[in-house]
Amino acid sequence: MMHEATAYEPVFTGERRAELDRVLQRYPTKQAGLLPALWMIQEQRGWISEEAMVEVAEVLGLTPAYVEGVVTFYTMYHRHPVGKHFIQVCTTTPCNLCGAEGVVEALLERTGCRELGATSPDGRFTVVEVECLGACGFATPLLINDDFIENVTPETVPELLKGYQ
Amino acid sequence: MGYPHKPHPNETVVLSEHFGDAEARSYDGWVQRGGYEALKKALAMEPPAVIDEVKAAGLRGRGGAGFPAGVKWDFMPKKKTQPHYLCCNADESEPGTFKDREIMRWTPHGLIEGCLIAAHAIRAETVYIYIRGEFTEAIAIMERALAEAYDRGALGKRVMGSEVAIDMYVHRGAGAYICGEETALMNSIEGKRGNPRIRPPFPAAVGVFSKPTTINNVETLASVPHILNRGAAWYKSLCLSNPKSTGTKLMSVCGHIAKPGNYEVTMGFPMKDLIYDLCGGMQPGRTLKAVIPGGSSVPVLNREEAEGCVLDYEGCVEKGTMLGSGGMIVFDDSADMVYQMMRIAKFYAHESCAQCTQCREGTGWTVRILQKILAGEGALQDLDLLLDIGEQMTGKTICVLSDSCAAPVGSAIRKFRGEFEAYINGARRPVAVAV
């Protein structure tokens, strides 16, 4: 049986279009609305698809290739779907000194993610290693979705993850 | 330590006075603590008089470069013929640094007030606070505070009922260390990749949206209301060593230390006292090996140098390093300097915007050569090769990211050569590192 391609549903319609228009008031150029617009797409869809890049390009008067160039520059924009809970763990020097590698191991083990960057088979978690999260005195910090969590140790990982089902 | 906690008696509490006090976050709470008085004072002054006051205070950029803030403001065109912009650099991403986050989390109105005074001084009608995308809490707090400030008339068409109009917005970054570099930051606001720009032209002439722009760090701007309130002479008197370094500095201390956290000290404070007194020294049974004092981008100090170092711009230069952003990474005797330098180089290789060859290739080569050494497959000439690459990476690129990778690695090879040689001659067991 042939699968019909799912039609792309635009992000910037109705209230969201109005919200984007309000954001655009802050800048003298439409192009400057690109980073905020990409954040809006990611909040709505969880990631930024090629179709979404085409849409935002049309809305802001840019080319899709230009938009892709910007999306690929910034590490926080997802170019593919990620788990329900997206976990970013800092392993840069200060955190590394304080045992961040153990936190990474505990996270991988507890979430069932086979490796960094992979999503767990149940689709609940994706764990990625990131560079300095700017909370070096509170090693090891994690960002789970929008929750910034400090002082994580391998021992506190199991309890912490219970809050993310 | 996280807040709230009582400051150490030897701290000079100015910026951090209300850290940990959640009530200081609201507009009313800030006003009750004396907030927005400095703004009223500044609005009653002509812009050049505000600039003179900040110049007289000797306030220098707290983001890393240490350039005098008032002088920077004075670079803006005297005659205003087009829009002027102020950008607040809240892209705090320098490994070891976590002070701006606390300023935004606890005293958002202090930062807004500082931005307003600076905007008035440089006659900017728009301020962008560029906050790194990962600082979700700081972004939410700043957004709330901005909405409140608009409601209460501290922002908008008539700031505090005056004739001055200033708008202020948060611009959220999306994960790129390089956007903390001021010209990359401006590109990022414009909706571009965060590639640094060639200077000249300097931002004061051609900045964001090609208009005259000043970019200041969070801590710099948050210091401004205190200068207006208490006077340049008071600020200048906060000085323990060189009169060119005045005021207080938030030092972020992390790594192998008993009590990591932010500590606010007067410029010229001895690093030894910060480490052993305020921070409680090393963890039990450990001794100090090295310190990177200004965020990971600066040369590493060995124990002797660190213990003799005075924390101000000149004091750090005297020891061959830099005060930078004040992000101190402490290494004890258990630290593997070879591995840690590889980890630092990996950071820069990851964060290079890849415009300049020296940086794009040099950071990657540095990582791979260090990994080869760690794997026990290095040769003595690799150390000279690393130093040579480091030299080619220094002073030759559009921005200083490349230099920032070469500085810690080169200094570590010179100061801890024995540790590198131990991997090369087999005295130390190889470390498997994923390449």
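Remember, predicted model here, so these are calculated numbers, not experimental data.

Colleague: Would you mind showing me how to read the overall build of chain A here?
Modeller: The helix and strand tally for chain A stands at seven helices and four strands. For chain A, the sequential pattern of α-helices and β-strands runs α-α-α-α-β-α-α-β-β-β-α. C-alpha atoms of chain A, sized along the principal axes, occupy 50 × 50 × 25 Å. Look at the contacts in chain A between residues 6 or more apart in sequence, and 57% of them connect residues 24 or more apart.

Colleague: Got a minute to help me understand the pairing of strand S1 (residues 85–90) of chain A in this structure?
Modeller: Side-chain positions along a regular strand alternate between the two faces of the sheet. All names here are of chain A. Across six bridges, S1 lies against strand S2 (residues 125–130) in parallel orientation. Considered in S2, the bridge of Val 89 is made with Glu 129. Pairing analysis gives three bridges linking S1 to strand S3 (residues 142–144), with the strands arranged antiparallel. By the bridge assignment, Val 89 is partnered in S3 with Leu 142.

Colleague: Mind showing me how you'd approach the interface of chain A and chain B here?
Modeller: The figure often quoted for interface size is the accessible area lost as the parts come together. With 34 residues of chain A at the contact, the number on the chain B side is 47 residues. For the side of chain A that touches chain B, the elements supplying multiple residues, two or more each, are helix H2 (34–45), helix H4 (64–73) and helix H5 (93–97) of chain A. Residue contributions to the side of chain A that touches chain B peak at four residues, all from H5 of chain A.

Colleague: Please clarify how the nonpolar core should be interpreted in this entry.
Modeller: Most often, soluble globular proteins keep nonpolar side chains buried together rather than apart. Residues and elements named next belong to chain B. Core analysis: the largest hydrophobic core is formed by 184 residues, its most contacted members being Cys 87, Cys 115, Ile 129 and Leu 274. Here the element with the most residues in this core is helix H14 (residues 337–351); it accounts for 10 residues. Those residues in contact with Cys 87, other than ones at most four positions away along the chain, are Tyr 128, Tyr 130, Leu 185, Met 186, Ile 189, Val 208, Thr 213 and Ile 215.

Colleague: Help me understand the environment of Ser 297 of chain B, please; the structure alone is not making it clear to me.
Modeller: As for its placement among the helices and strands, Ser 297 of chain B is situated in the loop between strand S8 (288–292) and strand S9 (301–302). Excluding residues that lie within four positions of it along the chain, Ser 297 of chain B makes contacts with Glu 94, Gly 324, Ser 404 and Ala 407 of chain B.

Colleague: I keep staring at the packing of helix H3 (residues 47–57) of chain B against helix H6 (residues 108–122) of chain B and nothing clicks. Help me out?
Modeller: When two helices pack together, their arrangement is given by the angle between their axes and by how far apart the axes lie. Residues and elements named next belong to chain B. The geometry of H3 relative to H6 is characterised by a closest axis approach of 7 Å and an angle of 120° between their N-to-C directions. Taken together, the axes of H3 and H6 lie oblique to each other. In the packing of H3 onto H6, the handedness of the crossing is left-handed. The segment H3 lies against H6, with Pro 47, Val 50 and Ile 51 engaging Ile 117, His 120 and Ala 121. When its residues are assigned to classes, the contact of H3 with H6 shows five nonpolar, one polar and no charged.

Colleague: Mind showing me how you'd approach the packing of helix H15 (residues 357–374) of chain B against helix H16 (residues 380–392) of chain B here?
Modeller: All names here are of chain B. Closest axis-to-axis distance for the H15/H16 pair is 10 Å, and the angle between their directions is 165°. Taken as axis vectors, H15 and H16 run roughly antiparallel relative to one another. Crossing hand, H15 versus H16: left-handed. Seen from H15, the contacting residues are Gln 358, Gly 362, Trp 365, Thr 366, Ile 369, Lys 372 and Ile 373; seen from H16, they are Asp 382, Leu 385, Leu 386, Ile 389 and Gln 392. For the contact of H15 with H16, the per-class residue count stands at six nonpolar, four polar and two charged.

Colleague: It is not clear to me how the sheet that holds strand S4 (residues 147–149) of chain A should be interpreted in this structure. Could you clarify?
Modeller: Sheet strands pair via backbone hydrogen bonds, and the direction of the pair is either parallel or antiparallel. Residues and elements named next belong to chain A. Read from one edge to the other, the open sheet built from four strands follows the order S2-S1-S3-S4, with strand pairing classed as mixed. The sheet is open, and its two borders are formed by S2 and S4, each paired with just one other strand. In this sheet, adjacent strand axes meet at a mean angle of 20° when their direction is disregarded. Bridging between S3 and S4 involves three bridges; their strand directions are antiparallel. When the bridges of S4 are listed, Leu 142 appears paired with Ile 149. Sitting on the sheet, helix H6 (residues 100–111) is in contact with S1 and S2, with an inclination near 160° to S1.

Colleague: Looking at this model, I keep getting lost on the domain arrangement of chain B. Mind explaining?
Modeller: Here chain B is partitioned into domain 1 (22–237), domain 2 (248–332) and domain 3 (337–424). Computed from C-alpha coordinates alone, the two centres of domain 1 of chain B and domain 2 of chain B are separated by 27 Å.

Colleague: Honestly, helix H8 (residues 182–189) of chain B in this entry has me stumped. Any pointers?
Modeller: The α-helix winds at 3.6 residues per turn, so residues separated by three or four positions along the chain end up facing the same way. Counting buried residues along H8 of chain B, eight of its eight residues qualify, which places the element largely inside the surrounding structure. Along H8 of chain B, the positions that sit buried rather than exposed are Glu 182, Thr 183, Ala 184, Leu 185, Met 186, Asn 187, Ser 188 and Ile 189 of chain B. Buried positions along H8 of chain B lie against H2 of chain A together with strand S1 (85–90), strand S2 (126–131), strand S3 (167–172) and strand S4 (213–217) of chain B. Gly 191 of chain B sits one or two positions beyond H8 of chain B and adopts a positive phi of about 85°.

Colleague: Teacher, can you tell me more about the confidence of the model for chain B here?
Modeller: For any part of a model where pLDDT is low, the fine detail of the predicted coordinates should not be relied upon. Per-chain confidence: chain B averages 97 in pLDDT, with 99% of residues scoring 70 or above. Scored by ipTM, the complex comes to 0.96, with pTM at 0.97.

Colleague: Just to check I follow, could you spell out the domain arrangement of chain A for this structure?
Modeller: Under the domain assignment used here, chain A contains domain 1 (14–73) and domain 2 (85–161). Computed from C-alpha atoms alone, the centre-to-centre distance between domain 1 of chain A and domain 2 of chain A is 29 Å.

Colleague: Could you clarify how one ought to interpret the sheet that holds S3 of chain B in this entry?
Modeller: All names here are of chain B. Strand order in the open sheet made by the four strands is S3-S2-S1-S4, with parallel pairing throughout. The open sheet has two edge strands, S3 and S4, and neither has a second partner. Direction aside, the axes of adjacent strands within the sheet are offset by 20° on average. Across six bridges, S1 lies against S2 in parallel orientation. Within S2, the position partnered with Tyr 85 by the bridge is Thr 126. Lying on the sheet, helix H7 (residues 136–151) is in contact with S2 and S3; it crosses S3 at an angle near 165°. The sheet strands contacting H8 are S1, S2, S3 and S4, and the helix crosses S1 at an angle near 110°.

Colleague: Looking at this structure, I do not really get the pairing of strand S6 (residues 261–266) of chain B. What am I missing?
Modeller: All names here are of chain B. Burial analysis of S6 places six of its six residues in the buried class, the great majority of the element. Where strand S5 (residues 248–255) lies against S6, six bridges are found, and the strand directions are antiparallel. Residue pairing in the sheet places Ser 252 in a bridge with Asn 262 of S6. Joining the antiparallel neighbours S5 and S6 is a turn of five residues.

Colleague: Where do I start with unusual backbone geometry in this structure?
Modeller: Glycine aside, a negative phi is what most residues show, and trans is what most peptide bonds show. Here Ala 139 of chain A and Thr 140 of chain A are connected by a cis peptide whose omega angle stands at 0°. In this model, Tyr 36 of chain B sits at a positive phi of 70°, which is unusual for a non-glycine residue. Mapped onto the elements of the fold, Tyr 36 of chain B is located in the loop between helix H1 (27–32) and helix H2 (37–43). Given 21 C-beta atoms within 10 Å, Tyr 36 of chain B falls into the buried group. Even without glycine at this site, Ala 354 of chain B takes up a positive phi of about 75°.

Reading the values: rules and limits
- Residues numbered from 1 in each chain as written.
- Chains lettered and ligands numbered in written order.
- Predicted model: local features only at pLDDT ≥ 70, side-chain atom pairs only at ≥ 80, totals over all residues.
- Helix = DSSP H or I, 4+ residues; strand = E, 2+ residues; numbered from the N terminus.
- Contact = placed C-beta atoms within 7 Å.
- Pairing = 2+ DSSP bridges.
- Core = buried A, V, L, I, M, F, W, Y, C linked by C-beta atoms within 7 Å.
- Buried ≥ 20, exposed ≤ 12 C-beta atoms within 10 Å, placed from the backbone.
- Axes fitted to C-alpha atoms, helices over the stretch in contact; angles between N-to-C directions.
- Parallel < 35°, antiparallel > 145°, perpendicular 65-115°, else oblique.
- Left-handed = near helix turned anticlockwise from the far one by under 90°.
- Nonpolar A, V, L, I, M, F, W, Y, C, P; charged D, E, K, R; others polar.
- Domains from an automatic or database assignment.
- pLDDT = per-residue confidence, 0-100.

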